[in-house]
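# Observations on the three-dimensional arrangement
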Amino acid sequence: MRAVVCHQSELSVQEVPDPTPGPGQLVIEVERCGICGSDLHARTNGDETAKDVAELGYDDFMRSDQHVVMGHEFVGTVADYGPKTRKAWPVGTRVVSLPVLRQGGEIQLTGLSEKAPGGYAERVLCTQSMTMPVPDSVSVEAAALVEPMAVALHAVRKGQVGAKDTAVVLGCGPIGLAVISMLKASGVRHVVASDFSAGRRALAERCGADVVVDPAAESPWTGFKDSRRYLTEPTALAGMGIDAMDKLTAVPMLPWAHVMRAAEKAGATPRGPIVFECVGVPGMIEHAITNAPLLSRIVVVGVCMAPDSFRPSMAINKEVELRFAFAYDPSEFHQTLQWIAKGKVDVAPLVTGTVGLGGVAGAFGDLADPERHAKILVDPSS
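Residues numbered from 1 in each chain as written. Predicted model: local features only at pLDDT ≥ 70, side-chain atom pairs only at ≥ 80, totals over all residues. Heavy atoms only, no water.

This brings us to the pairing of strand E6 (residues 94-97). In the sheet, strand E5 (residues 73-81) pairs with E6 via three bridges, with the strands oriented antiparallel. In the strand pairing of E6, glycine 76 is matched with valine 95. Pairing geometry for E6 and strand E10 (residues 131-133), over three bridges, is antiparallel. Bridge pairing links valine 95 to proline 133 in E10. (Pairing = 2+ DSSP bridges. Helix = DSSP H or I, 4+ residues; strand = E, 2+ residues; numbered from the N terminus.)

What follows is the structure, given as structure tokens:
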């Protein structure tokens, strides 16, 4: 079969062996596969990432000297089942799958390991238990976005964003746009998006952002001051609770814990926004910590491939929470598929182009231009 192979950071279309499903596996005919930001990073920084994840116990992440078929955001139709595998759906059924493959007693990352070729190909192996049928109401393009949207849903849940909270999304690339979409689908009323690219800011508006900011002209930390009072009054914590105590002078003998709980209910103690760092370049974590209001929660979603640093003293003095989000679990993947099927989340604005296998190398270059593209899909049949 034909597939796009990555070797020494170069992408080329080659003939590779057809996948043969083993027990618990099935083969799907790939209809679409999304090009992920992780793919862009892995093509040029795979060796560094492989070294990092090897410390966690996974030794098979792709390396530059290997021949790897990438692609982990795929949808296709069931072509064949392996022996001793439950035939859950008839051949021809459209399915999506979590990109993890049980192979030889080990778990491999589909599209990010030489041992688990991915979806930049005519066919791909899947683990049957990780595969889900696509409802008829979901287009093939939308189904291809289940995987990255599940990443965004996991990040939103990691942030524990309430409907009345303000969410600030730094960076409106594919993952930032997905986070915006999932925030709105989750009922968050105030979403602020920031990006230097006019094209991406326009896409952020289409994805539901309530306020869109060009950080070259306006700070994302002040461009939404009317939406939430606490964002422009970060000194409300000054006095270590004096303001809260002043509101409760009628009950001075209450235990401190009771006082502070009552103050929280009265709105006397501030809470900062939930910030989603979706850029993934050195300095962004420091930028968010330094500029976000007191008591902000920062969720790091963008993957920075280089060593980075920030000032812990700044984070401590502002009591900033720092969280990191990675991937998703099967329930979040399934929830995302159902939300797309029900129209609760619209993924159409994210798709800005489609190429055949021969166009993948060029698409990697095109995605470097934020004014041109957000998400490019690969159609192996074209």
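Read on for the rest.
Take the sheet that holds strand E4 (residues 68-69) next. By way of backbone hydrogen bonds, the strands of a sheet pair with one another, either parallel or antiparallel. Taken in spatial order, the three strands of this open sheet run E2-E1-E4, and their pairing is antiparallel. The two strands at the open ends of the sheet, each matched to only one other strand, are strand E2 (10-15) and E4. For strand E1 (residues 2-7) and E2, the ladder comprises six bridges, and the chain directions are antiparallel. Within E2, the position partnered with arginine 2 by the bridge is glutamate 15.

Comment: phi is negative for the bulk of residues other than glycine, and the bulk of peptide bonds are trans. Positive phi values are uncommon outside glycine, yet leucine 295 reaches one of about 60°. Note on placement: leucine 295 falls in the loop between helix H8 (284-291) and strand E15 (297-300). In this model, glutamate 319 sits at a positive phi of 50°, which is unusual for a non-glycine residue. Note on placement: glutamate 319 falls in the loop between helix H9 (312-317) and strand E16 (321-324). Note on glutamate 319: relative accessible area 54%, which makes it exposed. (Buried < 20%, exposed > 50% of the residue type's maximum accessible area, 1.4 Å probe, protein only.)

Any link to function would need more than the numbers given here.
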